[in-house]
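# Coordinates in review
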Amino acid sequence: MSSAVPSPLIEMAGGVLIPQLGFGTYKATSSEAYSSVRAALDAGYRHIDTAEMYGNEPDVGRAIADSGLARDEVFITSKLNNPFHEPAAARRSFAQTLEDLQVEAVDLFLIHWPMAKTTDYVATWRTMLEFQADGRARAVGVSNFEQKHLRAIIDATGVKPALNQIEIHPYLAQRELVDFDTELGIVTASWSPLGRGALLTDPVLTSIADELGRSTAQVIIRWHLQRGLVVIPKSVHPERIASNADVFDFELSDDQMARINSLDRGQRTGSSPDNVELA
Ligand SMILES: NC(=O)c1ccc[n+]([C@@H]2O[C@H](COP(=O)([O-])OP(=O)(O)OC[C@H]3O[C@@H](n4cnc5c(N)ncnc54)[C@H](OP(=O)(O)O)[C@@H]3O)[C@@H](O)[C@H]2O)c1
């Protein structure tokens, strides 16, 4: 087994440490999820991001179990799927997530989407707090929450989520929401950090990659890391998986950061939280 990537750890509210670099599994089929998580753990990643929605929790669980790593060496995040917000359904779904992942507890459990028009997401948040209180989720948080959603759950319960996982990449920098999270002590994680691959041919990014002799994906991942964000790139190719983690021996200059920051155009690759609702 190779040594772990020396990813920095970020402390979330409540004291749980999360590796800043993690590994994504969205759209990975069963067999891809198993083989890519094995490859990621071999390459030294120690943080895996999955979700009930991805349909691959059993494969991710098997890959982690087969890796031979001790449970406390791998940080596991999963998420509550949209149809299961109602408290009894959430309890059943969370128990299934733990069973599928073959673990007693996850390190972080997130509400996947707020679905503010069709769910009582404040009640969902209260149910998430039960999972933390009973020790089956070391930390709980949210995903795709905007300021209004964060305010609503915090005003109602007085408890802040440990982390907010949102779409962020150079075309969608999300500065205001990241600042809002930071002011509240909420860690922000970037999903689709490479814009699902669409940013890899951007001329500004490729020219910075040429200047540094690094890949464009590595440059983008460095931009997230230097902003202090948790970042979870996905790939199913072992050589890309390893290369995406080889990002701790170089830095972007202030000028290179500024050139990447100038690419922000508010452009999503995925759905807006306002458009994801129960049918
Ligand atoms: N909370 C949410 O609502 C939410 C939503 C979306 C995603 N996520 C999480 O965030 C993770 C990352 O987001 P994402 O998977 O949407 O997109 P992403 O990580 O931005 O991009 C993944 C795409 O980039 C390609 N890629 C990766 N590394 C590459 C490299 N070095 N060179 C060339 N191409 C490369 C991959 O292709 P190959 O696989 O073919 O290599 C894949 O098509 C997900 O997997 C999931 O865990 C969460």
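Residues numbered from 1 in each chain as written. Predicted model: local features only at pLDDT ≥ 70, side-chain atom pairs only at ≥ 80, totals over all residues. Heavy atoms only, no water.

### Side note on the UniProt feature "binding site: substrate" (unreviewed entry) in the protein chain
Under the present numbering, the feature "binding site: substrate" (unreviewed entry) in UniProt falls on His112. Note that His112 resides in the loop between β6 (106-111) and α4 (121-133). For His112, a relative accessible area of 6% corresponds to the buried category. Once residues lying within four places of it in the same chain are set aside, the contact partners of His112 are Ala51, Met53, Tyr54, Lys79, Leu80, Asn82, Ser143 and Asn144. (UniProt positions renumbered as here; feature names shortened; annotations may be inferred. Helix = DSSP H or I, 4+ residues; strand = E, 2+ residues; numbered from the N terminus. Buried < 20%, exposed > 50% of the residue type's maximum accessible area, 1.4 Å probe, protein only. Contact = heavy atoms within 4.5 Å.)

### With respect to helix α1 (residues 30-43)
For α1, built from 14 residues, the straight-helix expectation of 20 Å at 1.5 Å per residue is met to within 8% by its first-to-last C-alpha distance of 20 Å. Within the span of α1, buried status applies to Ala33, Tyr34, Ser36, Val37, Ala39, Ala40 and Leu41. As for α1, its buried residues are in contact with β3 (23-24), β4 (47-49), α2 (57-67) and α9 (238-245). (Expected span 1.5 Å × (residues − 1).)

### Focus: the site of the ligand
Not every one of the 28 residues close to the ligand is listed here, only the nearest: Asp49, Leu194, Arg196, Ser235 and Arg240. Take Leu194: an N or O atom from its main chain is 2.7 Å from an oxygen atom of the ligand. (Near = heavy atom within 4 Å. Polar contact = N/O pair within 3.5 Å; in protein donor to acceptor, adjacent residues only side chain to side chain.)

### Comments concerning the nonpolar core
Grouped together as the largest cluster of nonpolar side chains are 68 residues, with contacts concentrated most on Val106 and Phe109. In this view, Phe109 contacts Ser78, Lys79, Leu80, Phe94, Thr97, Met128, Phe131, Ala137, Ala139, Val140 and Gly141; residues no more than four positions away in its chain are not counted. Within the second largest apolar cluster, 18 residues are counted, among which are Met115, Leu163, Val187 and Ala189. (Core = buried A, V, L, I, M, F, W, Y, C linked by side-chain atoms within 4.5 Å.)

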